[in-house]
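Below, each chain spelled out in residue letters.
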Amino acid sequence: MRKPKVFITRKWPASVEATLTALYDVTLNEMDRPLTADEFKTALQEYDAVCPTVCDTFPADVINVTNKRCKILGNFGVGYNHIDINAAKQQGIIVTNTPGVLTESTADIAMTLLLMSARRGAEGDRIVRAQQWHGWCPTHMLSTDVTGATLGLIGFGRIAQAMARKAHHGFGMHILYYNPSPANADTVANLNAVRCDSVDEVISRADFVSLHCPGGAETKHLINAARLNLMKPSAHLINTARGDVVDSQALIDALRNKQIAGAGLDVYENEPDIHADFLKLDNVTLLPHLGSATLNTRTAMGEKVLANLAAFFNGKEPMDRIV
Ligand code: DGY
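Conventions and cut-offs
- Residues numbered from 1 in each chain as written.
- Predicted model: local features only at pLDDT ≥ 70, side-chain atom pairs only at ≥ 80, totals over all residues.
- Heavy atoms only, no water.
- Core = buried A, V, L, I, M, F, W, Y, C linked by side-chain atoms within 4.5 Å.
- Buried < 20%, exposed > 50% of the residue type's maximum accessible area, 1.4 Å probe, protein only.
- Helix = DSSP H or I, 4+ residues; strand = E, 2+ residues; numbered from the N terminus.
- Contact = heavy atoms within 4.5 Å.
- Phe/Tyr/Trp six-rings, centres within 6.5 Å; stacked < 30°, edge-to-face > 60°.
- Lys NZ or Arg CZ within 6 Å of the ring centre and 35° of its normal.
- Domains from an automatic or database assignment.
- Buried area = accessible area lost by both parts, 1.4 Å probe.
- Salt bridge = Lys/Arg side-chain N within 4 Å of Asp/Glu carboxyl O.
- Polar contact = N/O pair within 3.5 Å; in protein donor to acceptor, adjacent residues only side chain to side chain.
- Nonpolar A, V, L, I, M, F, W, Y, C, P; charged D, E, K, R; others polar.
- Near = heavy atom within 4 Å.
- Areas by Shrake-Rupley, 256 points an atom, 1.4 Å probe, with all protein chains shown as cover.
- Pairing = 2+ DSSP bridges.
- Axes fitted to C-alpha atoms, helices over the stretch in contact; angles between N-to-C directions.

This brings us to the nonpolar core. Ranked by size, the top nonpolar core spans 46 residues in total, and within it Val-6, Leu-20, Leu-114, Leu-151, Leu-153, Phe-156 and Leu-309 carry the most contacts. A per-element tally of this core places helix 5 (residues 103-119) first, with seven residues. If sequence neighbours within four positions are ignored, Phe-156 has contacts with Gln-161, Ala-164, Tyr-177, Tyr-178, Asn-179, Ala-183, Thr-187, Leu-191 and Ala-193.

Here it is in structure tokens:
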């Protein structure tokens, strides 16, 4: 029997690529070259399954290409705001994602950014490398305590709850959250978490605000100049969700004017073209979208895609189907 044709847009962990090669008539991206919209259109016309990642944009004009063969987009990643889900639905293309397996590693990066921003970790590293460190001094690079501070979470899904566990049980932090629906009672009790009535309430009460809401039109620029203005001058903003949840220019202004103390960012508007003004600021820590970037997690994400493809090609419902 003919093997299904599968197109992988970027380089995946070796063990997952080996399984893909054994099971499918697969085209890999060995050179890991970012592909163009025209290449995605051709892939949709020539393959049964196309497997994009968060850095591949699939807007309606790509998805609506004529003479399509593709029946499933097996997304490598949990976020799917880079895919026009309505267009996929209209075109009868199934879209799946990889929830659950990247929870802890992404929460670890959120805590990393929180600690780096609070304790000026990246700035200290730059000073040492530039041979600008002239010895210990009681007032050198003073920073902010994390232990016992208040962490405010915007969104309270899996990753936010994992961060809250690390922050509360590891660092004795007090947990506030805003989420449209209340969290499960056991989770709330275990974290002693307080649900706030609004985003604004979390932002104005927290020492550290960490974003965990989905990207997309509804949350675009949720953190804007007015909301940054509500934050304490001593507070830090952490973003491991999606870049466009934060108005970059407003954040740059707030950091430049010391309206807030710092920010830690793993995601950006228009990745990887980071707004150049971020690079000039010492009070922002910048990571290159590392949330899920451990070998175990990326392998588990690939295996999730494999499981979704296997279900689909065996006539079953893929477990992580979005549409
Ligand atoms: C995702 O899966 O959406 C993450 O952003 C990838 O790290």
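Here the focus is the packing of aromatic side chains. Counted according to the given criterion, the structure contains six aromatic pairs. A ring pair is formed by Phe-156 and Tyr-177, whose centres lie 4.0 Å apart and whose planes are at 15°; its orientation type is stacked. Of the two residues, Phe-156 is situated in the loop between strand 6 (150-154) and helix 7 (158-171) and Tyr-177 in strand 7 (residues 174-178); the sequence distance between them amounts to 21 residues. In this structure Phe-156 comes out as buried when scored by relative accessible area, which is 4%. By way of ring pairs, the aromatic residues Tyr-24, Phe-312 and Phe-313 are connected into one cluster. Taking the ring centre of Tyr-47 as reference, the NZ or CZ of Lys-5 above it sits at 4.5 Å.

Along its sequence, the protein is carved into domain 1 (5-101 + 295-313) and domain 2 (103-286). Residue-level contacts link eight residues of domain 1 with six residues of domain 2. Summed over both partners, the interface of domain 1 with domain 2 buries about 520 Å², with 40% contributed by carbon and sulfur atoms. Looking at the side of domain 1 facing domain 2, the largest losses of area belong to Asn-81, Gly-100 and Thr-297, adding up to 64% of the total buried there. On inspection of domain 1 and its partner domain 2, the count reaches zero salt bridges. At the junction of domain 1 and domain 2, the tally comes to three residue pairs in polar contact (both at pLDDT 80 or more). Looking at the side of domain 1 that touches domain 2 residue by residue, the class counts come to four nonpolar, four polar and no charged.

The next thing to look at is the pattern of salt bridges. Following the criterion strictly, the structure yields 21 salt bridges and no others. Taking the shortest distance from any N to any O, the salt bridge between Glu-123 and Arg-120 comes out at 2.9 Å. On the accessibility criterion, Glu-123 (13% relative accessible area) is buried. Residue classification places Arg-120 among the partly exposed residues on the basis of a relative accessible area of 27%. Linked by salt bridges that have partners in common, Glu-104, Asp-108, Arg-165 and Lys-166 make up one network.

The next thing to look at is the site of the ligand. Looking at the ligand, the residues that line it are Val-54, Gly-77, Val-78, Gly-79, Leu-102, Arg-242, His-289, Ser-292, Arg-298 and Met-301. Between Gly-79 and the ligand, the recorded distance is 2.8 Å, taken from a backbone N or O atom to an oxygen atom. Ser-292 places a side-chain nitrogen or oxygen 2.7 Å from an oxygen atom of the ligand. Considered on its own, the ligand offers 230 Å² of accessible surface; in the complex 92% of this is hidden by protein.

Backbone-to-backbone hydrogen bonds pair the strands of a sheet. The strands run either parallel or antiparallel. Overall, parallel pairing links the seven strands, which are arranged 8-7-6-9-10-11-12 in an open sheet. Across the chains shown, the open sheet's two edge strands, defined by having one partner strand only, are strand 8 (194-195) and strand 12 (284-286). Relative to strand 12, strand 11 (residues 262-265) runs parallel, the two being bridged by three bridges. Across the sheet, Ala-263 pairs through a bridge with Val-284, a residue of strand 12. Its contacts with the sheet place helix 11 (residues 248-256) against strand 10 (236-239), strand 11 and strand 12, and it is angled at close to 140° to strand 11.

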